[in-house]
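# Examining the three-dimensional arrangement
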Amino acid sequence: MKAYGTGFTTGVFDLFHVGHLNLLERCKERCDQLIVAVCDDDYVRSVKHKEPVMTQEDRMRIIGNLKCVDRVVPITVAEVENKLLCWEKYRFDVLFSGDDWKGSERYRKTERQFARVGARIEYLPYTHGISTTELKEKIARR
Ligand code: CTP
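Starting from 1, residues in each chain are numbered consecutively following that chain's sequence as written. Where local features are concerned, this predicted model is filtered to residues with pLDDT of at least 70; where side-chain atom pairs are given and counted, the filter is 80 or more; whole-chain, interface and lining totals use all residues. The basis for every side-chain value is the complete set of non-hydrogen atoms in the structure, without hydrogens or water.

## Considering the site of the ligand
The condition that has to hold: We call a residue near a given molecule or strand whenever any one of its heavy atoms falls within 4 Å of it. Definition of a polar contact: a pair of N or O atoms within 3.5 Å, with one able to donate and the other able to accept a hydrogen when the atoms are protein atoms, and with sequence-neighbouring residues admitted only if both atoms are side-chain atoms. Accessible surface area values rest on a Shrake-Rupley calculation with a 1.4 Å probe, where residue burial reflects the displayed protein chains alone. Lining residues are those with an atom within 4 Å of a point, where the points come from a 1 Å grid over the protein atoms alone and group into cavities, where a 1.4 Å probe fits but cannot get out, or pockets, open sets with protein on both sides within 12 Å along at least five of seven lines. Molecules are considered to sit inside a cavity or pocket once more than half of their atoms lie within 2 Å of its grid points. Segments assigned H or I by DSSP are reported as helices when at least four residues long, segments assigned E as strands when at least two residues long, and all are numbered from the N terminus.
Every one of the 18 residues lining the ligand counts as a neighbour, but Phe13, Thr127, Ile130, Thr132 and Thr133 are closest to it. For the ligand, an oxygen atom lies 2.7 Å from a polar atom in the backbone of phenylalanine 13. Here threonine 132 contributes a backbone N or O atom positioned 2.7 Å from an oxygen atom of the ligand. Taken by itself the ligand offers 580 Å² of open surface, and the protein chains cover 88% of this. Taking a 2 Å distance to the grid points as the criterion, the majority of the atoms of the ligand fall inside the largest pocket. Listing elements by their share of the shell around the ligand, those giving two or more residues are strand 1 (4-11), helix 1 (18-30) and helix 7 (132-141). The element best represented in the shell around the ligand is helix 1, accounting for three residues.

Next comes the structure, spelled out in structure tokens:
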């Protein structure tokens, strides 16, 4: 018996790497059905100020074919910034997020909003030593 029925998590997942896989596998260990929302290209450009290497369509295809993922959906800037909009669409029991967000103003607000609708937030450990940014830098140095 897993801790939750439906779990939800989000990310860009550009240049898919083992930090992404660790996170998604940990999410799936905690819920029966895992929904992964992949950020759109506009989010990468306007919020991260980067050009995505892989399009949202390709990033979604990769995520959607992982055995730890049950459903892949797109997510807009507005939905990333207000996770209640996501909860209204998908009615998940838990939002999983990297522990680098714990204690931030946005997440403290989301915790209060979720408490009112009976949803939880669980923070999972970030894998240090790898990220899309670090991979791009490594490739550029070669
Ligand atoms: N993540 C993680 N460990 C990593 C990298 C990412 O647990 N080493 C998690 C993030 O916390 C997030 C999800 O994976 O929940 C998607 O992260 P994303 O922003 O796509 O990954 P990064 O590789 O960190 O990208 P960037 O370097 O562009 O910020």
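On we go.
## Overview of the pattern of salt bridges
When the charged atoms of two side chains lie near each other, side chains of opposite charge can form a pair. So the rule is basically this: The term salt bridge refers to a side-chain nitrogen of Lys or Arg lying within 4 Å of a carboxyl oxygen of Asp or Glu. Burial status follows relative accessibility: with a 1.4 Å probe on protein chains alone, a residue under 20% of its type maximum counts as buried, one over 50% as exposed, and anything between as partly exposed.
By the definition in use, this model includes seven salt bridges. The residue arginine 30 makes a salt bridge to glutamate 122 at a minimum N-O spacing of 2.7 Å. Pair noted here: arginine 30 is in helix 1 and glutamate 122 is in strand 5 (residues 120-124), with a separation of 92 residues, a long-range link. Arginine 30 gets classed as partly exposed once you look at its relative accessible area, which sits at 30%. Judged by relative accessible area, glutamate 122 falls into the buried class, the value being 12%. The residue lysine 89 makes a salt bridge to glutamate 79 at a minimum N-O spacing of 2.7 Å. Taken together, the residues span a long stretch of sequence, with lysine 89 in helix 5 (residues 83-90) and glutamate 79 in helix 4 (residues 77-81) at a distance of ten residues.

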